[in-house]
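Architecture and fold: a report
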Amino acid sequence: MRIEIYKKGRAVKQNYDWKEELRSRISSADELLEFMPDLPESPLFRRLYASVEDFRKVAEAMAGEFRFSVTPYYLSLANLENARCPILLQILPRREELEDQVFQFPDPLAEDSHHPVDGLTHRYPDRVLWYLSHNCAVYCRFCMRKRKVSRSNSAPDRSSYSAALDYIRNHKEIKEVILSGGDPLSHSDQTIQFLLTELRTISHLSSLRIHSRMPVTLPSRITDQLTDVMRQAFPVTLVTHFNHPVEITEEATSAVRRLRMNGVTVLNQTVLMRDINDSTQTIEELMLGLLRIGIKPYYLHQCDEVHGVSHFRANIETGLQILRDLQGRNPGIAIPRYVIDLPGGGGKVPLENQYLRRRTDDGLEFENWSGLKFTTVQDREDK
Ligand code: SF4
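Now for a description of the structure that goes with this document. What you see is a predicted model, and the numbers here were worked out from it, not measured in a lab. (Residues numbered from 1 in each chain as written. Predicted model: local features only at pLDDT ≥ 70, side-chain atom pairs only at ≥ 80, totals over all residues. Heavy atoms only, no water.)

**A word on unusual backbone geometry**
- That bond from G181 to G182 is cis: its omega, 15°, falls within 30 degrees of zero.
- For the bond from F234 to P235, the omega torsion is 0°, close enough to zero to count as cis.
- Checked against the element boundaries, P235 lands in the loop between α11 (224-232) and β5 (236-240). (Helix = DSSP H or I, 4+ residues; strand = E, 2+ residues; numbered from the N terminus.)

**Section: the layout of surface pockets**
- Reported here for the largest pocket is a volume of approximately 900 Å³.
- For the largest pocket, the lining is made up of 44 residues, of which M144, R145, S180, H211 and Q269 are closest to its centre.
- Within the residue set of the lining of the largest pocket, elements represented by two or more residues are β2 (127-133), β3 (176-181), β4 (207-211), β5, β6 (265-271) and β7 (296-301).
- Of the residues assigned to the lining of the largest pocket, the class counts are 22 nonpolar, twelve polar and ten charged. (1 Å grid on protein atoms, 1.4 Å probe; cavity = no way out; pocket = protein on both sides within 12 Å on 5 of 7 lines; lining within 4 Å. Points joined across faces, edges and corners; volume = space filled by probe spheres on them. Nonpolar A, V, L, I, M, F, W, Y, C, P; charged D, E, K, R; others polar.)

**Things to note about the nonpolar core**
- With 98 residues, the main nonpolar core has L88, W130 and L199 as its most contacted residues.
- Looking at this core, the element that brings in the most residues is helix α8 (residues 161-170), giving five residues.
- Split by domain, this core shows at least three residues from each of two domains, domain 1 (2-97) and domain 2 (111-350).
- The residues contacting L199, other than those within four sequence positions of it, are W130, L165, I168, V177, L179, L205 and L208.
- Core analysis: the next-biggest nonpolar cluster, separate from the first, contains six residues, M62, F66, C136 and Y139 among them. (Core = buried A, V, L, I, M, F, W, Y, C linked by side-chain atoms within 4.5 Å. Buried < 20%, exposed > 50% of the residue type's maximum accessible area, 1.4 Å probe, protein only. Domains from an automatic or database assignment. Contact = heavy atoms within 4.5 Å.)

See below:
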């Protein structure tokens, strides 16, 4: 089914070019209905919309706020028989996005109030976030940068690069540059090569990081030419964004392998989302699947408090329970750090289960992952 849709869709050839696939994206309600004529009959569609006309209205109302666009590849992972299809839930525009009463602010992390130079956020002393593009292969409805992502013309243009590079050169406390967006890999290989080469000349930088969801949404973007550019800038870390095991496909696996074979460290961040991945089974399968294809799970994010995404919010208790379940029955490197980004620009803090229970006369009492209690003599207080 998946292959059939993928091949039928939009002149996607065997050895397709990623730019061609980007141009073939499905970007309106009518295009989606044309591409997936059975969509209105699916249980998920019927749960979300009163009718096809209702869907069209929602999509139209959202169009000016946050675009709808999906690659034929990513759409081909959808399962129309699944009433909670994790692919469709991540891409279909919903009425709740406009009517969100819970999360009120477009920029709760105050990223836009720490802009020393156009395109750069310098919030933590040791690192800067560089927004290179507001374009993405797929627009994820839970995006925490909805306020600017999908508005192509709002991204800083090339004329701002030298000011950003000068700022980084002149601030020796910066140890890490994170190329972000939108998706920085929506730029050409030449632009990425230029930026990585320039950044490599700055001796106080210890880490170059790229944030991209393209290994998940457009794996064809990870070409030999691109990985060659990254190899030349060694060491580069790419943080990608798998949210569900169904996203771990042959194509994604090959893309990750190309990155790894060229010296790129690949990490993953996942957003914990209601109905999509907020169960131990799904997160466990995802984390183990990532390890299997050469990706180290890095962060599990609590949903940011961005206007229009509160319907994706999972409970923190659920997240903590998932982490507790993972502990003790999975390799330690399969366990991501569960974090929340505090509203108001407070930064990330880890959400952790408490295993240290109390201090006793004998030492410290711990409860392990299975609920058993153990006492250590470490830190015994002198009487
Ligand atoms: S790829 Fe990232 S930046 Fe782009 S829409 Fe998805 S979450 Fe937002």
